[in-house]
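Each chain, written out:
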Amino acid sequence: MSHNSAPKTYKVKSFGCQMNVYDGERMAELLADQGMTAAPEGADADLVVLNTCHIREKAVDRVYSDIGRLKRDDGSVPLIAVAGCVAQAEGEEIMARAPSVKMVVGPQAYHRLPDMVRDAAAGRPSTDTDMPAATKFAHLPARRRTGASAFLTVQEGCDKFCTYCVVPYTRGAEVSRPYADLIDEAARLVDSGAREITLLGQNVNAWTGEDAKGRKVGLDGLIRALAALPDLARIRYTTSHPNDMTMALIEAHASVPKLMPFLHLPVQAGSDRVLKAMNRSHTVESYLRILEQVRAVRPDIALSGDFIVGFPGETDAEFDETVRLVETVGYAQCFSFKYSPRLGTPAAAMGDQIAPEVMDERLQRLQAALNRTQLAFNQASVGKSCEVLVERRGKLPGQWLGKSPWLQSVHFFADVTLGDVVDVTLIEAGPNSLSGRPTMQMVA
Ligand code: 5AD
Ligand code: SF4
């Protein structure tokens, strides 16, 4: 069918990592800047952007079933754009398989979305999967809408080439955004209400830049500069790679009060042989040494990680080492996944792929261990007083939800509003959240 009129309403649906969520927000801002409005929850939109993820599982199949579901009762379809990493990996193939898709736009090219929408509405479908070095940011409108907690992408791409991972191919090489642009974007986010900024990057701690005086700075320097924004209460960063964990960044956890005591540092596996086969370039011991250094400067740090079970060739004994590592570290929270072969990555071509039922069993055992350490971490917080950033209303009248410094969800009743930082005593812990009671009057 043809689309004669320009779309007036849009919906951006993001899947996958926080960087995709950030990209989704920026695409929404771009469309709003063109005069379009967000379709209300549950209503049809004239334009739907599926912002896809390619990291594991049947992400591609998922995209096609999502496209199918966009067909309306009367048989018509909205203008459909496929964005994100599936768009990058599949390119024009998507329109060949799903002709209702009129735009395919990669993660480094989405600043072109308004042009592509105009063309598609005039009956000219297009694909753009170019990967210029992070130039899209210069073409995006200024930030203006945000909640209490906002994302800020500071670095994109990855040069590490872990053998299972598709990111170096879909997001390209590591590129850092310039220091001045980030300070500017952060200031705008704070002006529009953000009290917390989470700095994002596939290898966020590989970020480097030059400050106003031309001095080379690392992520610790950027964090210190952002900490000077008076109305910004909290800074976080994710995801870090063990190899880029500098002493300066570790030390920032001691000396920058606004930097929250939380570190997401994926290890992936607890066996040195598997880590080598994954091309992780760290060992279990070197990883544990980093955690020791962080704990030495910030004893209350909450630790988080990513794990893959069932990497090709992983034996029962090697998997047991992963469970032991989880128990040794005592993670506050973690993500764990079954290994999923990604076409074109070295691991997909390795022999000795693990049977699905073995993966299922390992994932269950690992998640049971992670749930135990997470509950233990939450229980150990009971009785503590801490600041909670108010991020959402709870389900009950007068109830609010926020995050502790250690990124735990905390619910409580108080006379507060979104974006407040409240002093709360943690009184009860579950595996996924805690309940709290306001300790005193509002702090900020
Ligand atoms: N299979 C399973 N998990 C994967 N991850 C990355 N690639 C794969 C894959 N092929 C996981 C890693 C990474 C997180 C973002 O996704 O744990 O840290
Ligand atoms: Fe993928 Fe490894 Fe790069 Fe992380 S560090 S994005 S797992 S290649």
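In the block above lies the structure referred to throughout.
Computed from a predicted structure; not experimentally measured. (Residues numbered from 1 in each chain as written. Chains lettered and ligands numbered in written order. Predicted model: local features only at pLDDT ≥ 70, side-chain atom pairs only at ≥ 80, totals over all residues. Heavy atoms only, no water.)

**Thoughts on the pairing of strand β21 (residues 433-438)**
Line of reasoning, step 1. Of the pairings in the sheet, the one linking strand β19 (residues 409-413) to β21 comprises three bridges and is parallel in character. Looking at the pairing, V410 lines up with L434 of β21.
Line of reasoning, step 2. Summarising the sheet, strand β20 (residues 421-429) and β21 pair through five bridges and their orientation is antiparallel. Bridge assignment links A429 to a residue of β21, and that residue is L434. (Pairing = 2+ DSSP bridges. Helix = DSSP H or I, 4+ residues; strand = E, 2+ residues; numbered from the N terminus.)

**Regarding helix α8 (residues 219-227)**
Line of reasoning, step 1. Burial of α8 is extensive: seven of the nine residues sit out of reach of the surface.
Line of reasoning, step 2. Buried within α8 we find L219, D220, G221, L222, I223, L226 and A227.
Line of reasoning, step 3. Lining the buried residues of α8 we find α7 (179-191), β10 (196-200), β12 (216-218), β13 (234-238) and α9 (247-255). (Buried < 20%, exposed > 50% of the residue type's maximum accessible area, 1.4 Å probe, protein only. Contact = heavy atoms within 4.5 Å.)

**A look at the site of ligand 1**
Line of reasoning, step 1. By nearness alone, every residue bordering ligand 1 is listed as I55, R56, Y164, Q268, D306, I308, F337, K338, Y339, S340 and R342.
Line of reasoning, step 2. At 2.6 Å, a side-chain N or O of R56 approaches an oxygen atom of ligand 1.
Line of reasoning, step 3. Contact between ligand 1 and D306: an oxygen atom at 2.6 Å from a side-chain N or O atom of the residue.
Line of reasoning, step 4. At the level of elements, β15 (302-309) and β16 (333-338) are the ones that each hand at least two residues to the shell around ligand 1.
Line of reasoning, step 5. Of the residues assigned to the shell around ligand 1, the class counts are five nonpolar, two polar and four charged. (Near = heavy atom within 4 Å. Polar contact = N/O pair within 3.5 Å; in protein donor to acceptor, adjacent residues only side chain to side chain. Nonpolar A, V, L, I, M, F, W, Y, C, P; charged D, E, K, R; others polar.)

**Focus on the pairing of strand β4 (residues 79-83)**
Line of reasoning, step 1. The element β4 is extensively covered by neighbouring structure, given that five of its five residues are classed as buried.
Line of reasoning, step 2. As paired elements, β4 and strand β5 (residues 101-105) share four bridges and run parallel to each other. In the sheet register, V82 faces β5, and the bridge partner there is V104.

**Here we look at the sheet that holds β21**
Line of reasoning, step 1. With respect to topology, five strands assemble into a closed barrel ordered β17-β18-β19-β21-β20, the strand pairing being mixed. The mean inter-strand angle of the sheet, taken between neighbouring strand axes irrespective of direction, is 55 degrees.
Line of reasoning, step 2. When strand β18 (residues 399-403) meets β19, the two strands line up antiparallel, connected through five bridges. Residue K403 lies in a different strand from β19, and its bridge partner there is S409.
Line of reasoning, step 3. Seen against the sheet, helix α13 (residues 356-381) touches β20 and β21 and runs at an angle of roughly 120 degrees to β20. (Axes fitted to C-alpha atoms, helices over the stretch in contact; angles between N-to-C directions.)

**A word on the state of the cysteines**
Line of reasoning, step 1. Applying the stated criterion across every chain, the model contains zero disulfides.
Line of reasoning, step 2. Counting only cysteine sulfurs, C53 is the nearest neighbor of C85, a cysteine outside any disulfide, at a range of 6.4 Å.
Line of reasoning, step 3. Among the cysteines around C334, which has no disulfide bond, C162 carries the closest sulfur, lying 16 Å off.
Line of reasoning, step 4. When its relative accessible area of 17% is taken as the criterion, C334 is described as buried. (Disulfide = S-S within 2.5 Å.)

**Some thoughts on α7**
Line of reasoning, step 1. For α7, built from 13 residues, the straight-helix expectation of 18 Å at 1.5 Å per residue is met to within 8% by its first-to-last C-alpha distance of 18 Å.
Line of reasoning, step 2. Those residues of α7 that sit buried are Y179, L182, E185, A186, L189 and V190. The buried residues of α7 occupy an angular sector of 140 degrees when projected down its axis, which confines them to one face. Turned more than 90 degrees from where α7 packs its buried face, A180 and D191 sit exposed.
Line of reasoning, step 3. As for α7, its buried residues are in contact with α1 (18-33), β7 (149-153), β10, β11 (208-210), β12 and α8.
Line of reasoning, step 4. One or two residues past the end of α7 sits G193, with phi positive at roughly 115 degrees. (Expected span 1.5 Å × (residues − 1). Arc of directions from axis to C-beta.)

**Some thoughts on the nonpolar core**
A general tendency of soluble globular proteins is for nonpolar side chains to be buried together.
Line of reasoning, step 1. In this structure, L199, L219, Y237 and Y331 are the most contacted members of the largest nonpolar core, which totals 93 residues.
Line of reasoning, step 2. When residues in this core are grouped by element, the largest group, six residues, is from α1.
Line of reasoning, step 3. When neighbours within four sequence positions are excluded, Y331 is seen to be in contact with V267, Y287, L303, S304, G305, F307, V326, L370, T373, Q374 and F377.
Line of reasoning, step 4. In terms of nonpolar packing, the next biggest core, distinct from the first, is built from 20 residues, A45, V60, I94 and A98 among them. (Core = buried A, V, L, I, M, F, W, Y, C linked by side-chain atoms within 4.5 Å.)

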